[in-house]
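Per-entry structural report
Spelled out, the chains give:
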Amino acid sequence: MKRTALFLFFVAISLRLPAAWLVIPMDETQKNHLKAYGIAYWALKGELEIYWLLNYKGGSFMIPSSKQVSNECVIRGVSYETISDAQSSSLLAEIANPEVNQDAVKLEKAPRIAVYTPKGKQPWDDAVTLVLKYAEIPYDEVYDQEVFLDKLKDYDWLHLHHEDFTGQYGKFYSQFNGAAWYQKEVKENEEMAEKLGFSKTSQMKLNTAKKIRDFVFAGGFLFAMCSATDSYDIALAAEGVDICESIYDHDPMDRSAQSKLDFTKGFAFENYKLSMNPYEYEYSSIDTYFTRNQYGMNENTDLFTLFDFSAKWDPVPTMLCQNHTTTIKGFWGQTVAFEKSYVKKNVLVMGESKAFNEAKYIHGDYGKGTWTFYGGHDPEDYQHRVEEPPTDLALHPNSPGYRLILNNILFPAAKKKKQKT
């Protein structure tokens with residue numbers, strides 16, 4: 001009976017299929033994985049029917065074939081092949097086989113994208129804006145004022161620039177307090193805090209963090225990398241507690257701050273210890289920046305592995321982990337990865353380094369929305385330092401590390417695909 005129903009379903013599908021489909025493979029045969037995501041987003045903006053074929057050739061896309069679509073692929077250097085309606089029906093039937101760990105997810109609408117970032121950000125600042133520009137995916141920039149004015153309601157997906165939500169300016173004081181860019185950042189943040197009615201930058205950042213939390217609760221999709229992950233969680237947990245020393249907010253910190261943290265307010269982490277030293281380049285024990293060296297890690301051994309999820313039963317993490325490889329080169333950042341013992345038990349770890357006891361790529365739900373944290377700064381620059389030039393993604397068109405970012409951008413388009421329980 002089930003086989004008959006499945007057959008009739010695909011007969012019905014085939015009657016609605018166009019004469020031919022264009023398949024964009026996402027395995028090793030793809031010339032430009034990153035720009036392929038841009039093609040998928042462009043097709044969604046054009047209201048074209050598009051399927052994300054999970055675990056089929058690395059997470060391929062299937063779009064109705066037309067001269068316009070194929071020309072766009074040629075212009076952007078994206079590999080594709082054209083198949084007939086009969087071939088597409090056969091492919092969908094193959095993917096639907098319960099014994100095959102694949103699924104076809106229909107993408108419905110191009111998500112409205114915002115990036116939380118300061119207007120004067122430096123070119124080394126953010127991998128997400130680099131890949132959005134390279135993939136030709138449009139986005140708007142918002143910062144504290146726009147968040148304060150409730151502009152987040154206009155967007156579906158939000159990325160957090162490598163921010164310090166604790167109000168300690170990245171704890172760069174000991175190294176860069178004399179640098180012009182650091183002084184400018186402090187001045188601009190203090191002026192904006194005053195403009196918005198806050199007496200400190202830390203209070204403004206907490207307000208921003210809470211509004212972002214509300215954005216997720218209402219159904220928004222949040223993605224953060226590097227210091228925007230742990231500093232965000234710490235800011236929420238430290239609500240009402242002064243964890244900033246006077247060099248950051250002009251008054252002493254609360255020496256009992258550690259005991260006053262409320263870990264239930266954060267998304268991802270618990271039971272961690274704050275770094276109470278204002279001159280230490282670290283927020284807490286969540287980050288493995290200083291602890292991973294004890295394992296003898298180096299650029300050749302620094303790898304993390306993606307978990308294999310069931311496409312039909314766990315479509316959300318499956319989408320977020322689509323790639324042409326499950327082993328990915330590690331990379332540093334101010335927050336390089338997350339000590340697994342501090343990750344909450346209800347958080348889904350999607351990528352880890354067993355050798356270093358690190359979680360690199362984690363995900364969770366909050367209210368009607370979801371959040372994803374990705375440790376590290378730049379997937380194609382192992383130790384990207386302040387004031388170095390930005391990465392040229394034309395040299396890395398098949399980056400598996402950058403693919404994880406772009407999976408998150410397309411994920412909201414399939415938000416009506418319910419995860420099975």
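Everything quoted here is computed from the prediction, not taken from an experiment.

As a further point, take empty space enclosed by the protein. Enumeration according to the criterion identifies three cavities of 30 Å³ or more in this entry. Computed from the structure, the largest cavity encloses a volume of approximately 50 Å³. As for the largest cavity, its lining consists of T166, Q168, I234, I243, M253, L274, S275, M276 and Y283. For the lining of the largest cavity, the residue count by class is six nonpolar, three polar and no charged.

Confidence along the chain averages 91 in pLDDT terms, with 93% of residues attaining 70 or more. Ignoring residues within four places in sequence, the model shows residues 1-17, a span with pLDDT below 50, making eleven contacts including any to other chains. Taken as a whole, residues 417-421 scores under 50 in pLDDT and shows twelve contacts with residues more than four places along the chain or in a different chain.

With that settled, consider the side chain of H162. Mapped onto the fold, H162 is located in the loop between β8 (157-160) and α7 (173-176). A residue is classified by how much of its surface remains accessible, and H162, at 13% relative accessible area, is buried. A polar atom in the side chain of H162 sits 3.5 Å from the side chain of D126. At 3.0 Å, the side chain of H162 and the side chain of H377 are in polar contact.

With that out of the way, let us pick up helix α3 (residues 67-76). Since one α-helical turn is 3.6 residues long, residues separated by three or four positions face the same way. Of the residues making up α3, those classed as buried are V69, S70, E72, C73 and R76. The arc enclosing the buried residues of α3, seen along the axis, measures out at 155 degrees, which places them on a common side. Exposed side chains of α3 directed beyond 90 degrees from the buried face belong to K67, Q68, V74 and I75. Buried residues along α3 sit in contact with β1 (20-24), α2 (33-45), β3 (60-64) and α5 (127-135). Two residues or fewer past α3, G77 is found with a positive phi of approximately 75 degrees.

This part takes up the packing of aromatic side chains. All told, the structure shown has 34 aromatic pairs when counted by the stated rule. When the centroid spacing of 4.7 Å and the interplanar angle of 35 degrees are considered together, the rings of Y116 and Y143 count as tilted. Separated by 27 residues along the polypeptide, Y116 in strand β6 (residues 113-116) and Y143 in the loop between β7 (140-142) and α6 (144-148) bring together distant segments of the chain. Aromatic side chains F267 and Y366 sit 5.0 Å apart centroid to centroid with 40 degrees between the ring planes, which places their arrangement in the tilted category. Of this pair, F267 sits in the loop between α12 (257-260) and β10 (303-306) while Y366 sits in strand β14 (residues 358-366); the two residues are 99 residues apart in sequence, bridging distant segments of the chain. Residue class for F267 comes out buried when judged on its relative accessible area of 6%. Accessibility expressed as a relative area gives 28% for Y366, which makes it partly exposed. Ring pairing ties together the aromatic residues Y169, F172, Y173, F176, W181, Y182, Y248, Y279, Y281, Y289, F290 and W332, which thus form one cluster. Its end group placed over the ring of Y134, K35 keeps NZ or CZ at 4.4 Å from the ring centre. Positioned above the aromatic ring of F331, the side-chain terminus of K360 is 4.1 Å from the ring centre.

Conventions we followed
Residues numbered from 1 in each chain as written. Predicted model: local features only at pLDDT ≥ 70, side-chain atom pairs only at ≥ 80, totals over all residues. Heavy atoms only, no water. 1 Å grid on protein atoms, 1.4 Å probe; cavity = no way out; pocket = protein on both sides within 12 Å on 5 of 7 lines; lining within 4 Å. Points joined across faces, edges and corners; volume = space filled by probe spheres on them. Nonpolar A, V, L, I, M, F, W, Y, C, P; charged D, E, K, R; others polar. pLDDT = per-residue confidence, 0-100. Contact = heavy atoms within 4.5 Å. Helix = DSSP H or I, 4+ residues; strand = E, 2+ residues; numbered from the N terminus. Buried < 20%, exposed > 50% of the residue type's maximum accessible area, 1.4 Å probe, protein only. Polar contact = N/O pair within 3.5 Å; in protein donor to acceptor, adjacent residues only side chain to side chain. Arc of directions from axis to C-beta. Phe/Tyr/Trp six-rings, centres within 6.5 Å; stacked < 30°, edge-to-face > 60°. Lys NZ or Arg CZ within 6 Å of the ring centre and 35° of its normal.

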